[in-house]
Amino acid sequence: MAVRPAPLRLWLFLHLLPQVYCEYGMVHVLSEKGSSKGKDYCILFNSQWAHLPHDLGKASLLQLQDQTSSVLCSPSDVPHGGFNNQIPMVMRGNCTFYEKVRLAQINGARGLLIVSRERLSFGSSVKGAMYAPNEPVLDYNMVIIFVMAVGTVAIGGYWAGSRDVKKRYMKHKRDDGAEKHDDETVDVTPIMICVFVVMCCSMLVLLYFFYDHLVYLIIGIFCLAASIGLYSCLSPFVRRFPLGKCRIPDNNLPYFHKRPQVRMLLLAVFCISVSVVWGIFRNEDQWAWVLQDALGIAFCLYMLKTIRLPTFKGCTLLLLVLFVYDVFFVFITPFLTKTGESIMVEVAAGPSDSATHEKLPMVLKVPRLNSSPLALCDRPFSLLGFGDILVPGLLVAYCHRFDIQVQSSRVYFVACTIAYGIGLLVTFVALALMQMGQPALLYLVPCTLLTSLVVALWRRELAMFWTGSGFAKDLPQPPVVIAPVNCPQLPKDSTVPASQQDTEQMTNPTLHVKELHGSASAEEELADTSTKTDQSEISVAHSEEPTAQNKDDLESKCLNAEQNQLE
């Protein structure tokens, strides 16, 4: 695979005019000292002036003459003997390309390479072959991006739905202090959606004009958010370990005063360390992308688990607004900018004239697996923004929650996840056909929204699906009818006051015992089921100090019979 050098470009001699049509090509540099493996460098050439072979095997291997110490603007810059059937390399500047090419051609050069931006030296015994291989229709790294994106949406949607439903029925159980924040969720309202979209537009425009100043702020925010997301994803697995359950001693330090477990403290240190390592080595193209993708997936899972859309109406509003946002900044902004570049693509890939050469980390990135001029010169990575995962993922999570509440065998969840995968495939096809950056939400939003809508219409649940009334707090529960259980009158203990015995019989507020004609009959009344569904367990209070063995036996038999009827 070709290695991408530092910011360097070699300009082929065909640049005769200030503005010409350019294509990407490659020059394969090979040392004559026995090195069998060469190195590829990026070149720009005009295919209307000259034709470069598509195959390296058909390219002419010519001697490269290092003249980077001169700019070749006057006859005095020509070495003694000229460029006899060679390709000289000169620096850019001081005169036009036409003057450089004219001097090289007069002195017998077969071509001319103009080095841009910095000095480059290959030595005296170096040969080079110039060629322009065809770009592949689709790179194999698209398969990796597809698996990561669909897997993140499916796992995040499933996890978010399951945790949300579990939280509803286990609300009365509280986690200990340091772990309580793991169950917190944020319900998104229409006002929050509008504010979020305005903030996205403002931030994108600010990044376009002040990229070099804001990019480090975004990198810092990503490191913090990614470490939190990684901690949230790994904490359920760490809690299963039997070791490290002890807590730190009492102290007055922030966060540590809650006395977290040692294993959770070590996990936090590990997650912060991973983010710091990525932040330091983020520009290492060979392996840093693996850490970035892992942190990005953890961040997306954390956001899908934390942010909740309570209704399909809210899902529709969010997806449609961001659909317009994505299309506008990809397809419309080229008509508004001076350079004709898309603001979204320019910010996501990093401006070409950026002094920092930093890239935004809010994307999944995978290096191109095929060797091509585009991968070497301009786009060594294929990118997929986090928004293209999070926005449809929130809809998938909503579908899963609705599935569980209406007991639909997860038909909404499966259908929406498959629709997301199909929309992503359509995005890749459009990317291959148009050979330009695509707004993925243009294809993902119709696929996911329409599929969910069709499933709801097919199941005749559109009203509940639209308003979210299928959730437990709004679903009418069937009344529970419990037949009275006749239990023999429990003998009263003469040593216990009658008022205390009556109090013991009424300790459970949901279980009322009434005495009718010398026999005790128990009935359980399920009051106001629409607002108290969270009370999923019925506890029966026993007498604290039984005075006779037969009293205990009779009472236990009576309560067992009642619990059997409840079940």
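The structure contained in this document is the topic of the report that follows. (Residues numbered from 1 in each chain as written. Predicted model: local features only at pLDDT ≥ 70, side-chain atom pairs only at ≥ 80, totals over all residues. Heavy atoms only, no water.)

Another point: the overall build of the protein. Secondary structure assignment for the protein yields 15 helices and 14 strands. Here the protein, with 567 residues, has 44% of them falling under the buried criterion. (Helix = DSSP H or I, 4+ residues; strand = E, 2+ residues; numbered from the N terminus. Buried < 20%, exposed > 50% of the residue type's maximum accessible area, 1.4 Å probe, protein only.)

Time to look at a nonpolar patch on the surface. A contiguous nonpolar patch, built from I272, V276, V277, I280, F281 and W287 and spanning about 540 Å² of accessible area, is present on the exposed surface. Examined against the element boundaries, F281 turns out to sit in the loop between α5 (262–280) and α6 (288–306). (Patch = residues over 30% accessible without salt bridge, like charges linked within 9 Å, V, L, I, M, F, W, Y side chains within 5 Å. Areas by Shrake-Rupley, 256 points an atom, 1.4 Å probe, with all protein chains shown as cover. Salt bridge = Lys/Arg side-chain N within 4 Å of Asp/Glu carboxyl O.)

What follows covers the environment of S382. Among the secondary structure elements, S382 is positioned in strand β11 (residues 381–385). A relative accessible area of 4% places S382 in the buried class. Spatially, the C-alpha atoms of S382 and L369 are 9.9 Å apart, while their sequence positions differ by 13 residues. Residues within four places of S382 in sequence aside, it is in contact with N141, M142, I145, L364, K365, V366 and R368. Side chain to side chain, S382 and N141 meet in a polar contact 2.9 Å long. (Contact = heavy atoms within 4.5 Å. Polar contact = N/O pair within 3.5 Å; in protein donor to acceptor, adjacent residues only side chain to side chain.)

Looking at helix α1 (residues 97–106), one finds that the buried residues are F97, K100, V101, L103 and A104. Summarising the axial view, the buried residues of α1 lie within an arc of 165 degrees, below the 170-degree limit, and thus occupy one face. Residues of α1 that are exposed and angled more than 90 degrees away from the buried face: Y98, Q105 and I106. Of the residues flanking the end of α1, it is G108, one or two places downstream, whose phi is positive at about 85 degrees. (Arc of directions from axis to C-beta.)

Further remarks concern the nonpolar core. In this structure, I389, L395, Y420, L424 and F465 are the most contacted members of the largest nonpolar core, which totals 80 residues. When residues of this core are assigned to their parent elements, the largest contribution, twelve residues, is made by helix α4 (residues 211–238). Residues contacting Y420, with those up to four places away along its chain left out, are A149, V150, V153, D388, I389, P392, L444 and T448. (Core = buried A, V, L, I, M, F, W, Y, C linked by side-chain atoms within 4.5 Å.)

Before going further, it helps to examine the pattern of salt bridges. Applying the stated criterion to the full structure yields three salt bridges. Across the pair R308 and D187 runs a salt bridge whose closest N-O atoms are separated by 2.5 Å. With R308 in strand β9 (residues 307–308) and D187 in strand β8 (residues 186–187), this pair connects stretches of sequence that are 121 residues apart. Between E461 and R459 there is a salt bridge, and its shortest N-O distance comes to 3.2 Å. On the accessibility criterion, R459 (28% relative accessible area) is partly exposed.

Moving on: unusual backbone geometry. Of note, L72 is a non-glycine position whose phi angle comes to about 55 degrees, a positive value. Under the relative-accessibility criterion, L72 is labelled buried at 0%. Positive phi outside glycine occurs at Q407, with the angle close to 55 degrees. Tracing the chain through its elements places Q407 in the loop between α10 (387–406) and α11 (411–434).

Right, let's get into the packing of aromatic side chains. Inspection of every chain in the model, using the stated rule, returns 15 aromatic pairs. Considering the side-chain rings of Y398 and F402, the 6.4 Å spacing of their centres and the 25 degrees angle between planes classify their relative orientation as stacked. Within this pair, Y398 and its partner F402 are both found in helix α10, separated by four residues, close to a single helical turn. A relative accessible area of 0% means that Y398 is categorised as buried. Ring geometry for Y398 against F465: centres 5.3 Å apart, planes inclined by 55 degrees, an arrangement best described as tilted. Separated by 67 residues along the polypeptide, Y398 in helix α10 and F465 in helix α13 (residues 462–467) bring together distant segments of the chain. Taken together through their ring pairs, the aromatic side chains of F312, Y398, F402, Y412, F465 and W466 make up a single cluster. Over the aromatic face of F381 sits the side chain of K365, whose NZ or CZ is 4.2 Å from the ring centroid. (Phe/Tyr/Trp six-rings, centres within 6.5 Å; stacked < 30°, edge-to-face > 60°. Lys NZ or Arg CZ within 6 Å of the ring centre and 35° of its normal.)

Moving on, we come to α5. Across its 19 residues, α5 extends 27 Å between first and last C-alpha, which sits within 8% of the 27 Å expected from 1.5 Å per residue. When we look at burial in α5, the residues that qualify are R263, M264, L267, C271, V274, S275, W278 and G279. For α5, the angular spread of the buried residues around the axis is 160 degrees, confining them to a single face. Exposed positions of α5 whose direction lies more than 90 degrees from the buried face are L266 and I280. Here the buried face of α5 lies against α4 and α6. (Expected span 1.5 Å × (residues − 1).)

This brings us to the pairing of strand β2 (residues 23–31). Bridge count for β2 against strand β3 (residues 39–45) is seven bridges, and the pairing is antiparallel. Bridge assignment links V29 to a residue of β3, and that residue is K39. As paired elements, β2 and strand β7 (residues 126–131) share six bridges and run antiparallel to each other. In the sheet register, V27 faces β7, and the bridge partner there is M130. (Pairing = 2+ DSSP bridges.)

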